[in-house]
Amino acid sequence: MAIWTNLSHYLTSKSKKANLYYVAATVVLCCTFYVIGLWPQGGVNTTQLSSTTLLPTLPCNPSIKNTNSNYGSSISLDFTAHHTAADLVPLSPSARVNHFPSCNPELSEYTPCEDSKRSLKFDRNMLIYRERHCPEKNELLKCRIPAPFGYKQPFRWPESRDSVWYANVPHKHLTVEKAGQNWVRFKDDRFTFPGGGTMFPRGADAYIDDIGKLINLKDGSIRTAIDTGCGVASWGAYLLSRNILPISFAPKDTHEAQVQFALERGVPALIGILATKRLPYPARAFDMAHCSRCLIPWGRYDGLYLIEVDRILRPGGYWILSGPPINWENHWKGWNRTAEDLKAEQDQIESVARSLCWKKVTQKGELAIWQKPTNHMHCKINRKVFRKPPFCQEQDPDKAWYTKIDACLNPLPEVSNVRDIAGGPLANWPERLTAVPPRIASGSIEGVTAEGFSKDTELWKKRVAHYKALDFQLAERGRYRNILDMNAWLGGFAAALVDDPVWVMNVVPVEAEVNTLGVIYERGLIGTYQSWCEAMSTYPRTYDFIHADSVFSLYQDRCEMEDILLEMDRILRPQGSVIFRDDVDVLVNVKSIIDGLQWDSRMVDHEGGPHVREKLLIATKQYWTAPAPDQDKQLS
């Protein structure tokens, strides 16, 4: 055994020595061949034999050549990114899949949640059937809504205020029904809008001048306005030139395409109605509300509709009513109603207004104006006289998505002095845009401070400048008019565009963790609530440009991405653009779907550089329309 052990030790030792010899021989051979390799180049210069020559730097980009023949000198290193967002997805046209076919041309004005056929299934009491009624999931269309044959890019603002292409809104109904009231006229290939209305035969501009003689429209204290039952929105259209930003709404009813005309003119509008649900706006949103013969029964149902107007009016805001029953003493014969009937209606309205603690400012001619109190200190005392409506108990006044209107008065925030403005005073426009909104100053918006608000405002100025560098159409002044921000947060995107000839509909999704729409209105901007799991209450081809910031991250696992994108395709005008802003993995999925929509798109880096996971996807909808009617017959 001892002999075997000694033999094993001897062999191991011998093997180790042999390995050392092999290593030494290999090193000598390598050095020899290295010297031989250098010999044709003139031999070895010992002064240049350094770490640089032994470990030469290889450039990351082979196309960049080192023109300096001196190896010992410093070499310029390239630290720029060579893998950009565009490399993440295929961008060639061949990558497109014709996944979503065109819908039937008869659906060129399809508004899913305002469909007249579906509405007939619902109760006609209090016009419930004209409220939003959306299709079930299995009823959703998986096709692209076509523009009507002959569709043209709308006129640019301000020309669009007065002219609309007939091909874009092919409806002459109002030119006949309202022929004597100067709503709209038709000639050759276009409609024109003289600015007339049922109650302003001298034109909307002169009518607004009359209002301006009764309340101050020039000092910036009135910035946001709502027009109920707006017709073709001439009142709102002419307010815009006075730095007053309106939202106009009307139902989709027998006055065919009135909201569609408004949008085509470049005036902010939505399809909507005062019925049983709250309007989709926060409390204390508007400086002024207006009704010009809008046919809303203000005095009925215990004053329910005036209660809703009170909710959305800011403290000290105005309600303007013109038309029946105002000045019934002089007009009752022309209105084909009895004097007693009209007097009873006005008395009813006056009574409801007093019960809401409104003050009647004036009545002159066919105009009557009331003002909401700046706080409810006196109003609470008056409840001993006016027991109806009672104050609402434990209600969120900002909640307004499929929320029932209750016959109760929403109490204003508490004040310590009768002269204080409930919720805090608002700065006049334009200072209002950047002043810290009262909701933020009071700490009522969770997680948002005055400092955070100011930083957000500056951030969006930089982001919008970056957007304009990427999208030449956004940078071109006047190319866009109607803009949608699908997830607006504090309205910073809209605020950064305030000097452009555009208006922005700021959407706060109802699924958002924090309800910030009240802040947006306190900045002097406009917006609405919306769930993007459903269609928007607007016509196809409403918007020139859509901004979608983190929308698909928000709706992940809530509803189908392709349904949201099909809705975006419906409401985007041909040759309109979208900027998606989201996580790179989300945007890769978005791009795969919009290829099926046949949009042109490209992925670009975040303004912070290529190392940020958040990217931008810039997309443009192609121009295409339904086939010509005779061509359609041939195809069928």
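Okay, so let's go over this structure. Chains are numbered independently. Their residues run from 1 in the order of the written sequence. Local features in a predicted model are, by the rule used here, given only for residues with pLDDT of at least 70; side-chain atom pairs are given and counted only at 80 or more, and totals for whole chains, interfaces and linings are based on all residues. Hydrogens and waters are ignored; side-chain quantities use all the structure's heavy atoms.

What to know about helix H18 (residues 561-571)
Inference 1: With respect to burial, H18 is a largely interior element, 9 of its 11 residues being buried.
Inference 2: Categorising residues by exposure relies on relative accessible area from a 1.4 Å probe, with only protein chains included: less than 20% of the type maximum marks a residue as buried, more than 50% marks it as exposed, and the intermediate range marks it as partly exposed. Helix and strand definitions here come from DSSP, where helices need a minimum of 4 consecutive H or I residues and strands a minimum of 2 consecutive E residues; each element is numbered from the N-terminal end. Among the residues of H18, those classed as buried are Asp563, Ile564, Leu565, Leu566, Glu567, Met568, Asp569, Arg570 and Ile571.
Inference 3: Looking at the buried positions of H18, the neighbouring elements they touch are strand S11 (482-485), strand S14 (543-549), helix H17 (551-554), strand S15 (572-583) and helix H19 (584-596). When checking whether two residues touch, look at their non-hydrogen atoms; a contact exists if any pair is within 4.5 Å.

What to know about the sheet that holds strand S7 (residues 286-292)
Inference 1: Two strands form a pair only when DSSP identifies at least two bridges running between them. The mixed open sheet is built from 7 strands, whose spatial order is S6-S5-S4-S7-S8-S10-S9. Every interior strand has two partners, whereas the edge strands, strand S6 (269-271) and strand S9 (359-364), have only one. Shown here is a sheet whose adjacent strand axes are inclined to one another by a mean of 20 degrees, direction ignored.
Inference 2: Sheet topology note: the strand S4 (residues 224-228)/S7 ladder contains 3 bridges and is parallel. When the bridges of S7 are listed, Asp227 appears paired with His290.
Inference 3: In this analysis, axes come from line fits to C-alpha atoms, helices being fitted only over the stretch in contact, and the angle between any two N-to-C directions falls in the range 0 to 180 degrees. Here helix H5 (residues 204-212) sits on the sheet in contact with S7, strand S8 (313-322) and strand S10 (367-371), set at roughly 50 degrees to S10.

Quick word on the pattern of salt bridges
Inference 1: A pair is scored as a salt bridge if a Lys or Arg side-chain nitrogen falls within 4 Å of a carboxyl oxygen belonging to Asp or Glu. On inspection of all chains with the given rule, the structure shows 36 salt bridges.
Inference 2: With a shortest N-O distance of 2.9 Å, Asp205 and Arg242 are connected by a salt bridge. One end of the pair, Asp205, is in helix H5; the other, Arg242, is in the loop between helix H6 (234-239) and strand S5 (245-250), and 37 residues separate them in sequence.
Inference 3: Look at Arg242 and you get partly exposed, because its relative accessible area is 25%.
Inference 4: Between Arg581 and Glu614 there is a salt bridge, with the nearest N and O atoms lying 3.2 Å from each other. Note that Arg581 is positioned in strand S15 and Glu614 in strand S17 (residues 614-620), a separation of 33 residues in sequence.
Inference 5: You can call Arg581 buried: its relative accessible area is 0%.
Inference 6: Linked by salt bridges that have partners in common, Arg463, Arg581, Glu607 and Glu614 make up one network.

Overview of the state of the cysteines
Inference 1: The definition used for a disulfide is geometric: two cysteine sulfur atoms within 2.5 Å. Applying the stated criterion across every chain, the model contains 6 disulfides.
Inference 2: Across a sulfur-sulfur distance of 2.0 Å, Cys103 and Cys143 are joined as a disulfide pair. Across the S-S bond linking Cys103 and Cys143, the dihedral sits near 100 degrees, which makes this disulfide right-handed. Taken together, the residues span a long stretch of sequence, with Cys103 in the loop between helix H2 (51-54) and helix H3 (116-119) and Cys143 in the loop between H3 and strand S1 (163-165) at a distance of 40 residues.
Inference 3: What makes Cys103 buried here is its relative accessible area of 4%.
Inference 4: The disulfide partner of Cys291 is Cys294, and the gap between their sulfur atoms is 2.0 Å. Taking the sign of the S-S torsion, about -100 degrees here, the bridge from Cys291 to Cys294 comes out left-handed.

Describing the nonpolar core
As a rule of thumb, nonpolar side chains are buried together in soluble globular proteins.
Inference 1: With 131 residues, the main nonpolar core has Met288, Trp298, Trp319, Leu484, Met568 and Phe580 as its most contacted residues.
Inference 2: The dominant element in this core, judged by the number of residues it contributes, is helix H8 (residues 304-312), at 6 residues.
Inference 3: Residue ranges assigned to the domains are those given by an automatic or database domain assignment. Among the domains, domain 1 (148-385) and domain 2 (431-621) are the pair contributing at least three residues each to this core.
Inference 4: Those residues within four positions of Met568 in sequence are excluded, and the remaining contacts are Met486, Ile546, Ala548, Phe552, Val578, Phe580 and Trp599.
Inference 5: Counting 9 residues, the second-largest nonpolar core is a separate cluster that includes Val164, Val184, Phe193 and Ala257. Definition of nonpolar core: a set of buried residues of the types Ala, Val, Leu, Ile, Met, Phe, Trp, Tyr and Cys, connected through side-chain atoms within 4.5 Å.

Describing the pairing of S5
Inference 1: By the criterion of burial, S5 is predominantly enclosed, with 6 of the 6 residues buried.
Inference 2: A two-sided burial pattern is seen for S5, the buried positions comprising Leu245, Ile247 and Phe249 on one face and Pro246, Ser248 and Ala250 on the other.
Inference 3: The pairing of S4 with S5 spans 5 bridges and is classified as parallel. Across the sheet, the residue bridging to Asp227 is Ser248, located in S5.
Inference 4: Handedness of the crossover joining S4 and S5 through H6 is recorded here as right-handed. If you view a crossover with the strands going away from you and the path from the first strand over the helix to the second runs clockwise, you call it right-handed.

Focus: the packing of H18 against H19
Inference 1: Relative orientation of the contacting elements H18 and H19 amounts to 60 degrees, with a least axis distance of 10 Å. With respect to their mutual orientation, H18 and H19 come out oblique. Crossing geometry of H18 relative to H19 is assigned as right-handed. Between H18, through Met561, Glu562 and Leu565, and H19, the contact on the second element is made entirely by Val586, Asn589, Val590, Ile593 and Ile594. The cut-offs work like this: below 35 degrees is roughly parallel, past 145 is roughly antiparallel, 65 to 115 is roughly perpendicular, and the gaps in between are oblique. Take the far helix as your reference; a near helix turned counterclockwise from it by less than a right angle gives a left-handed crossing, and one turned clockwise gives a right-handed crossing.

Quick notes on the sheet that holds S14
Sheets are built from strands paired through backbone hydrogen bonds, the pairs being either parallel or antiparallel.
Inference 1: Spatially, 7 strands are ordered S13-S12-S11-S14-S15-S17-S16 in an open sheet, and the strand pairing comes out mixed. At either margin of the open sheet sits one strand with a lone partner, and together these are strand S13 (526-530) and strand S16 (600-605). Looking at each pair of strands side by side, their axes are set apart by 20 degrees on average, direction ignored.
Inference 2: Relative to S17, S16 runs antiparallel, the two sharing 6 bridges. The residue of S17 that forms the bridge with Asp605 is Lys615.
Inference 3: Helix H13 (residues 450-470) contacts S14, S15, S16 and S17 of the sheet and is inclined by roughly 45 degrees relative to S17.
Inference 4: Where H18 meets the sheet, it contacts S11, S14 and S15, and its direction lies at approximately 145 degrees from that of S15.

Notes on the side chain of Ser601
Inference 1: Checked against the element boundaries, Ser601 lands in strand S16.
Inference 2: Its relative accessible area of 16% is what places Ser601 among the buried residues.
Inference 3: Polar contacts, as used here, are pairs of N or O atoms within 3.5 Å; protein pairs need one atom able to donate a hydrogen and one able to accept it. Residues neighboring in sequence count only if both atoms are side-chain atoms. At a separation of 3.4 Å, a polar atom in the side chain of Ser601 contacts the side chain of Lys591.

Geometric descriptors of this kind do not, in isolation, establish any biological role.
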